[in-house]
Amino acid sequence: MKTSNSPVRVRFAPSPTGHMHLGSARTALYDYLIAKKTGGQFILRIEDTDFKRYIPGAEQELIDGLRWLGIDFDEGPDIGGPYGPYRQSERKEIYLTYANKLVESGNAYYCFCSPERLSRVREEQQKRKEAPHYDGTCRNLRAEEASKRIESGEKFVIRFKSPKEGSTTVTDLLRGDITVENRTLDDYILVKSDGWALYHLAAMVDDQLMKITHVIRGSEWLPSLPLHSLIIRALNWQEPVWVHLSVFLKPSGKGKMSKREKDDLLKDGYSIFIKDLKDLGYTPEAVVNWVALMGWSYDDHTEFFTLEDLVEKFNLEHLNPSPAAINFTKLDHFNGLHIRHLDDVELAERIAPYFLAKGIKADTSTLKKIAPILKERIATLDEAVEMAGFFFEDNVKPQVDELTPKGLSAVQAKEILTESYTLLEGVAAFDQTKTETPMRAYVERSGLSAGQVFGVLRVAVTGQKVSPPLFESMEIIGKTKVLERINRAIQLLE
RNA sequence: GCCCCCAUCGUCUAGCGGCCCAGGACGUGGCCCUCUCAAGGCCAAAACAGGGAUUCGAAUUCCCUUGGGGGCACCA
């Protein structure tokens, strides 16, 4: 099936009921990519008809998440568009119009059964080990009787009249034909007793009215695909291309993630929520790259992609239908890759907020200087703080035991520092080439290893055992401060 | 219980009948480089779930089993 040549209209239709997670991000990404690639449009539609589950702020989080990832939409609730409104809560009457058409054409019917009766029926069915389904009480009610009961004020819902015989075949782009026996279909509710349409109706109506050509969504919708197709056919509409993406499994590959597991994950510095990822030091570039490759691959085995690359190379043909376990170490890898691809100024800007969050006043000019030596040493942006915090402190607090590493006595360590002080004090232009030469010579002379000498000096100057390269770091810190710090370390050793 | 989907290294995947005693990436182990940590380079271990069938030939097609996932709401 050729799908990626003519302009495609796709929609991302989340419900504002929780945080935006990786699965949604990937769906939105694919939507965006295929729309951009084909010169089509990407629409954001908010499915907010379930007022009980509605979470204020969730819509904004969604929009912020998309913006952060660089996924722009062409039409949506906050920017409008020719097929609005883009919130289902503003489209009640539209759904009713089509629900009525369905009733008129005999494809749907009014049902007056009470929720209480229905749950009793369900219970009995389950006791008999049957699949829970509507028992059909109102399915063949005469029209006059139905309208009489409606007029008398009885509560009702509208149900779809699913065929009882034969089978229904629908085509999914990744899986081919999917066929179900119609007798396994239920008479699903289309419109609730409060007059609001349910997803099954609302989404189909919106997709049609918004001229959606490809429905890209999670595979949790696969079981209701026949129903959706049947609704569309009953309305004499044309079916979109159905694309059901595989689900994401927890890292172990065993099922979806529970609330508890999500909390545990956060303790390890990972999260499936987009809003967390930013705080955890991940770049949107890496998240996009990573998520794009979970369920999609490119011919030539390339794995490093920018959003622009993906727009050019993405296609619907290489999608993989099997469930994928989330691999966070690979996110780390991509994050490192993308950090290294950032230029120094950009990286400086990106790490600045993390210093700020830790209460460290990091000035832009120093940030720019440390960016190149930090670049290949951090996997997440927040790591810049622990790796390079010492650049911004007035003084550092080395551990005495770290000042005297294995194989060296306190006396030797002190000697190294005193000698270093003298040598470095004598260097006029305090840049790395000028400081390294005399220090190397000293190493030769002392009979100690470079590791020992520079190690002690590193702890004295940076306060830590692990740091960016010593001489570059000292240059950035500056002569005065370096000497001060060495001095303090010598005192510590006394 | 019923329905639907899926099945290649630990993980993400390439493979769409011969190019595969299965390729790449992450991770892991080793070596090199090296002032620490990284980054980088090189090397290694690591998979076609099982059983039938079709075929000269199957990871690739079909069937069964097993395993995994999803769904069965007046949620989406």
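Residues numbered from 1 in each chain as written. Chains lettered and ligands numbered in written order. Predicted model: local features only at pLDDT ≥ 70, side-chain atom pairs only at ≥ 80, totals over all residues. Heavy atoms only, no water.

## What about the overall build of chain A?
Check the secondary structure of chain A and you find 21 helices and eleven strands. For 494 residues, the compact-globule estimate of 2.2 N^0.38 gives 23 Å, and the C-alpha radius of gyration of chain A, at 32 Å, exceeds that figure by more than 25%. Taken over 494 residues, chain A has a buried fraction of 49%. Put simply, 74% of the contacts in chain A that link residues at least 6 apart link residues at least 24 apart. For chain A, the accessible area works out to roughly 23,400 Å², and carbon and sulfur atoms hold 50% of it. (Helix = DSSP H or I, 4+ residues; strand = E, 2+ residues; numbered from the N terminus. Rg over C-alpha atoms; globule rule 2.2 N^0.38 Å. Buried < 20%, exposed > 50% of the residue type's maximum accessible area, 1.4 Å probe, protein only. Contact = heavy atoms within 4.5 Å. Areas by Shrake-Rupley, 256 points an atom, 1.4 Å probe, with all protein chains shown as cover.)

## Considerations on the protein's contact with RNA strand B
Neighbouring RNA strand B are 63 residues, the closest being Asp50, Glu376, Arg377, Arg458 and Ser467. The sugar-phosphate backbone supplies 68% of the atoms of RNA strand B found within 4 Å of the protein. One of the backbone nitrogen or oxygen atoms of glycine 295 is found 2.9 Å away from a phosphate oxygen of RNA strand B. Contact between RNA strand B and arginine 340: a sugar or linking oxygen at 3.0 Å from a side-chain N or O atom of the residue. Of all elements in the fold, only helix 4 (115–127), strand 6 (176–181), strand 11 (324–325), helix 12 (328–341), helix 19 (450–462) and helix 20 (470–477) reach the threshold of two or more residues within the surface near RNA strand B. Split by residue class, the surface near RNA strand B holds 26 nonpolar, 17 polar and 20 charged. (Near = heavy atom within 4 Å. Polar contact = N/O pair within 3.5 Å; in protein donor to acceptor, adjacent residues only side chain to side chain. Nonpolar A, V, L, I, M, F, W, Y, C, P; charged D, E, K, R; others polar.)

## Re the packing of aromatic side chains
Summed over the entire model, instances satisfying the criterion amount to 15 aromatic pairs. Plain terms: the ring middles of tryptophan 296 and phenylalanine 305 are 5.8 Å apart, the flat faces sit at 55° to each other, and that makes the pair tilted. Accessibility assignment for this pair places tryptophan 296 and phenylalanine 305 in one class, buried. In this structure an aromatic cluster arises from ring pairing among Tyr30, Trp296, Tyr298, Phe305 and Phe314. (Phe/Tyr/Trp six-rings, centres within 6.5 Å; stacked < 30°, edge-to-face > 60°.)

## Brief notes about the environment of phenylalanine 392
Mapped onto the secondary structure, phenylalanine 392 falls in the loop between helix 15 (383–388) and helix 16 (400–403). Separated by 259 residues in the primary sequence, phenylalanine 392 and histidine 133 have C-alpha atoms spaced 66 Å apart. Beyond its immediate stretch of four places on either side in the chain, phenylalanine 392 contacts Phe355, Ile360, Lys361, Ala362, Asp363, Thr366, Leu367 and Ile370.

## Observations regarding the side chain of arginine 91
Within the secondary structure, arginine 91 sits in the loop between helix 2 (58–69) and helix 3 (92–104). Every residue in contact with arginine 91, bar those within four places of it in the chain, is listed here: Tyr83, Gly84, Pro85, Asp206, Leu209 and Met210.

## Topic: the pattern of salt bridges
According to the stated counting rule, one finds 32 salt bridges in the structure shown. One salt bridge in this structure joins lysine 375 and aspartate 344, with 2.8 Å as the shortest N-O distance. Remark: aspartate 344 occurs in helix 13 (residues 344–357) and lysine 375 occurs in the loop between helix 14 (364–374) and helix 15; sequence separation between them is 31 residues. For lysine 375, a relative accessible area of 14% translates into the label buried. (Salt bridge = Lys/Arg side-chain N within 4 Å of Asp/Glu carboxyl O.)

## Overview of the pairing of strand 4 (residues 157–160)
Side chains of strand 4 alternate between two faces, with Val157 and Arg159 and Ile158 and Phe160 buried alike. In the sheet, strand 3 (residues 108–111) pairs with strand 4 via four bridges, with the strands oriented antiparallel. Residue pairing in the sheet places alanine 108 in a bridge with phenylalanine 160 of strand 4. (Pairing = 2+ DSSP bridges.)

## What about the sheet that holds strand 3?
Pairing within the open sheet is antiparallel, and its three strands lie in the order 3-4-7. Looking at the sheet topology across the chains shown, the edges are occupied by strand 3 and strand 7 (189–191). On average, each strand axis in the sheet is inclined to that of its neighbour by 40°, with strand direction left out of account. Examined bridge by bridge, strand 4 and strand 7 share two bridges and lie antiparallel to one another. (Axes fitted to C-alpha atoms, helices over the stretch in contact; angles between N-to-C directions.)

## A short note on the environment of lysine 211
As for its position among the elements, lysine 211 is in the loop between helix 6 (199–209) and strand 8 (214–218). Judged by relative accessible area, lysine 211 falls into the partly exposed class, the value being 47%. Taking the C-alpha atoms as reference points, lysine 211 and tyrosine 83, separated by 128 residues in sequence, lie 8.5 Å from one another. The residues contacting lysine 211, other than those within four sequence positions of it, are Arg9 and Tyr83.

## A few points about the environment of arginine 159
When you line up the elements, arginine 159 lands in strand 4. Sequence separation between arginine 159 and alanine 108 is 51 residues, and the spatial gap between their C-alpha atoms is 5.4 Å. Those residues in contact with arginine 159 that sit more than four places away from it in its chain are Asn107, Ala108, Tyr109, Cys111, Leu118, Tyr134, Asp187, Tyr188, Ile189 and Leu190. From its side chain, arginine 159 meets the backbone oxygen of aspartate 187 in a polar contact 2.8 Å long.

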